[in-house]
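Coordinates in review
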Amino acid sequence: MFDIIIIGAGTAGLTAALYGARAGKKVLVLEEKNTGGQIINSPTIENYPGIRHISGFEFIQSLQEQAEAAGATIQNSRAQKIVDQGEGKVVMTKEKLYQSRAVIICTGVVQKKLGLPKEKELTGCGVSYCAVCDGAFYRDKRVAVVGGGNTALEDALFLSNYCKRVYLIHRRDQFRGESWMVNQLLQKENVEFILESTIVCLQGNTSLESLQIKNVKTNIIDELTVNGLFIAIGQQPSNESFAGTVDLDEQGFICADETCRTNVRGIFAAGDCRTKKVRQLVTAAADGAVAALASCEM
């Protein structure tokens, strides 16, 4: 019997574990894969308050050690289902059933990939999925953004303040994002639209050097020299296992407000897996603290 069970050991989950354990609660963290989530692949973090420079691996390693030192238990196991028993909850894994008073879901999201060769190898070396996180590293350089929704448009606007040239690549002739952002980008002298086009190849060995871009109508392939590529084609939450227990929105994110409470008493959602506008390292940590302190009241 635990006081709090946390599903997921990313930044939100480990922060929740730290705050819960420090409050004197018996805390269990269940992680299907390795601790850390997406941030562990970031070679450099420079936007977390109070830390000027740290790698994602070092950040997560320190946070995990801190949570375990406070008394949290971390186990490698996949949570398959949550059963609401009113005042108590049961979390089912393949191996065991765990009981608790409260559950915090911190399953994060998976960034959709282009699925190209070298994409994984060049992530952190020219390929990024977060303009706010990594944009400052490309000051006065040439970058590309791929995508057609609000995130891609926001990324292009953000990068236009830092970069010498920003190419916005989209497979259709019109963007899905809001028109006011498109109009702002059209007024930027350092932004260029490359429409009806897809990226077919990433060039570079140790770092990204250029892109091969194919026009979907003419099938002509051109090469575009860039220092960075920001992929903004969507995020995929991993909340399918909890769809019958808590409410999800149309995109699959858990419906939870700034208090991290879901529609089920005693079940909370923290970090990127919940409905929210800003998904950043600092907001994931904030969610973890908020959810843990709220769950301590159960």
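Residues numbered from 1 in each chain as written. Predicted model: local features only at pLDDT ≥ 70, side-chain atom pairs only at ≥ 80, totals over all residues. Heavy atoms only, no water.

1. Some details on the pairing of strand β2 (residues 27-31)
The side chains of a regular strand alternate, first on one face of the sheet and then on the other. The buried count for β2 comes to five of five residues, which makes it a mostly enclosed element. Side chains Val27, Val29 and Glu31 project from β2 onto one buried face, and the interleaved Leu28 and Leu30 project onto a second face that is buried too. Two strands pair when backbone bridges link them, and strand β1 (residues 2-7) and β2 are joined in this way by four bridges, in the parallel orientation. Looking at β2, one finds that Ile5 is bridged to Leu28. Crossover handedness for the path β1 to helix α1 (residues 11-22) to β2: right-handed. The pairing of β2 with strand β3 (residues 73-76) spans four bridges and is parallel. Within β3, the position partnered with Val29 by the bridge is Ile74. (Buried < 20%, exposed > 50% of the residue type's maximum accessible area, 1.4 Å probe, protein only. Helix = DSSP H or I, 4+ residues; strand = E, 2+ residues; numbered from the N terminus. Pairing = 2+ DSSP bridges. Right-handed = clockwise from strand over helix to strand, strands pointing away.)

2. Considerations on the state of the cysteines
What the rule picks out here adds up to one disulfide. Residue Cys130 pairs covalently with Cys133 via a disulfide, S to S 2.2 Å. Disulfide Cys130 to Cys133: torsion about the S-S bond roughly 70°, handedness right-handed. Overall, Cys130 belongs to the buried group, its relative accessible area being 18%. For Cys133, a relative accessible area of 26% puts it in the partly exposed group. Cys106 carries a free sulfur, and the closest cysteine sulfur to it, the one in Cys273, is 6.1 Å from it. Residue Cys106 is classed as buried on the basis of its relative accessible area of 7%. Free of any disulfide, Cys201 has its nearest neighbouring cysteine sulfur in Cys125, separated by 17 Å. The partly exposed category is assigned to Cys201, whose relative accessible area is 24%. (Disulfide = S-S within 2.5 Å.)

3. A closer look at the pattern of salt bridges
One pass over the structure, following the stated rule, counts eight salt bridges. Linking Arg274 and Glu258 is a salt bridge whose minimum nitrogen-to-oxygen distance equals 3.3 Å. Here the residue Arg274 occupies a position in the loop between β17 (267-269) and α7 (281-295), and Glu258 occupies one in the loop between β16 (235-237) and β17, the gap between them amounting to 16 residues. One salt bridge connects Glu297 with Arg261, and the closest N-O pair in it is separated by 3.8 Å. With Glu297 in the segment after α7 and Arg261 in the loop between β16 and β17, this residue pair connects regions lying 36 residues apart in the sequence. Under the relative-accessibility criterion, Glu297 is labelled exposed at 63%. (Salt bridge = Lys/Arg side-chain N within 4 Å of Asp/Glu carboxyl O.)

4. Notes on the sheet that holds strand β9 (residues 142-146)
With parallel pairing, five strands are arranged side by side in an open sheet as β8-β15-β9-β10-β11. Each edge of the open sheet is held by one strand with a lone partner, namely β8 (127-128) and β11 (191-194). The pairing of β9 with strand β10 (residues 165-169) spans five bridges and is parallel. Bridge assignment links Arg142 to a residue of β10, and that residue is Arg165.

5. Concerning helix α6 (residues 179-186)
When we look at burial in α6, the residues that qualify are Met181, Val182 and Leu185. All buried residues of α6 fall inside an arc of 100° around its axis, so they share one side. Away from the buried face of α6 by more than 90 degrees, exposed residues Ser179 and Leu186 are located. Here the buried face of α6 lies against α5 (150-160), β10 and β11. (Arc of directions from axis to C-beta. Contact = heavy atoms within 4.5 Å.)

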